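Per-entry structural report
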Amino acid sequence: MAELDEEGSANVSIDVTPDQDEIVVTVGGELDISTAGVLEEAIFFDGRHDARRMVFDLSDVDFMDSSGIAVLLRAAAPTGWVEIRRPSTVVRLVVEATGLADVLRISE
């Protein structure tokens, strides 16, 4: 689970950068039940998520559980897949262990 900082905030950083062809979401920290909602709000807020390709840079993710996988799968629903760029070792292991590499496509 994500640890809370002194202010009680979850240990995650999220940056969403939309452009014409894709939406790049950079995530750092821990992606679990206590932070997945924050990520989901960031990518689904105000129509940001549409038919454009979703790309997640998860190189700085230290921990990811099934809650993080669930958000990634919901992001993949409109197009059938998302790209995960430069996954951390933890993220790569989780994606490979769940057998979701066809939907959560890993790229370096």
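One can find the structure itself at the top, above this paragraph.
Residues numbered from 1 in each chain as written. Predicted model: local features only at pLDDT ≥ 70, side-chain atom pairs only at ≥ 80, totals over all residues. Heavy atoms only, no water.

So, unusual backbone geometry
Stated precisely, the cut-off is as follows: A simple rule labels every residue: compare its accessible area, found with a 1.4 Å probe on the protein chains alone, to the largest value its type can have, and call it buried under 20%, exposed over 50%, or partly exposed in between.
Of note in the backbone geometry, R86 takes a positive phi value of approximately 45° without being a glycine. On the accessibility criterion, R86 (43% relative accessible area) is partly exposed.

Concerning the nonpolar core
To keep things clear, this is the line we draw: Put simply, buried Ala, Val, Leu, Ile, Met, Phe, Trp, Tyr and Cys residues joined by side-chain atoms within 4.5 Å make one nonpolar core. Each helix corresponds to a stretch of at least 4 residues labelled H or I by DSSP, and each strand to a stretch of at least 2 residues labelled E; elements are numbered beginning at the N terminus. Should any heavy atoms of two residues lie within 4.5 Å, those residues are counted as being in contact.
Counting 26 residues, the largest nonpolar core has V25 and F56 as its most contacted members. Mapped onto this core, the elements with two or more residues apiece are β2 (22–31), α1 (36–44), β3 (53–64), α2 (66–76), β4 (82–85) and α3 (89–98). Sequence-distant contacts of V25, defined by excluding residues within four places in its chain, comprise I14, D15, V16, L39, I43, M54, V55, F56 and D57.

Details of the sheet that holds β2
The line we're drawing: At least two bridges found by DSSP between two strands is the condition for calling them paired. For every element, the axis is a line fit to its C-alpha atoms; helices are fit only across the contacting stretch, and the angle between N-to-C directions ranges from 0 to 180 degrees.
As summarised here, the arrangement of the five strands in space is β1-β2-β3-β4-β5, forming an open sheet in which the pairing is mixed. A strand with exactly one partner marks an edge of an open sheet, and here the two such strands are β1 (12–18) and β5 (104–107). In this sheet, neighbouring strand axes are inclined to one another by 25° on average, regardless of whether the strands run parallel or antiparallel. Bridging between β1 and β2 involves seven bridges; their strand directions are antiparallel. Counted as the bridge partner of V16 is V25 from β2.

Considering the packing of aromatic side chains
Threshold: Think of it this way: a Phe, Tyr or Trp ring, Trp meaning its six-membered ring, pairs with another when their centres are within 6.5 Å, and the plane angle makes it stacked under 30 degrees, edge-to-face over 60, tilted otherwise. Criterion for a charge above a ring: Lys NZ or Arg CZ within 6 Å of the ring centre, and within 35 degrees of the ring normal.
Evaluated as defined, the whole model comprises zero aromatic pairs. Lying across the ring of W81, R105 places its NZ or CZ 4.3 Å from the centre.

Describing α3
This is how the line gets drawn: As used here, the arc belongs to the directions running from the helix axis to the C-beta atoms.
Taken residue by residue, α3 has V91, V94 and V95 as its buried positions. On an axial view of α3, the arc spanned by its buried residues comes to 95°, and they lie on one face. Across α3 from its buried face, at more than 90 degrees, point the exposed residues T89, L93 and A97. Turning to α3, the residues buried within the fold contact β3, α2, β4 and β5. Residue G99 follows α3 closely and has a positive phi angle near 70°.

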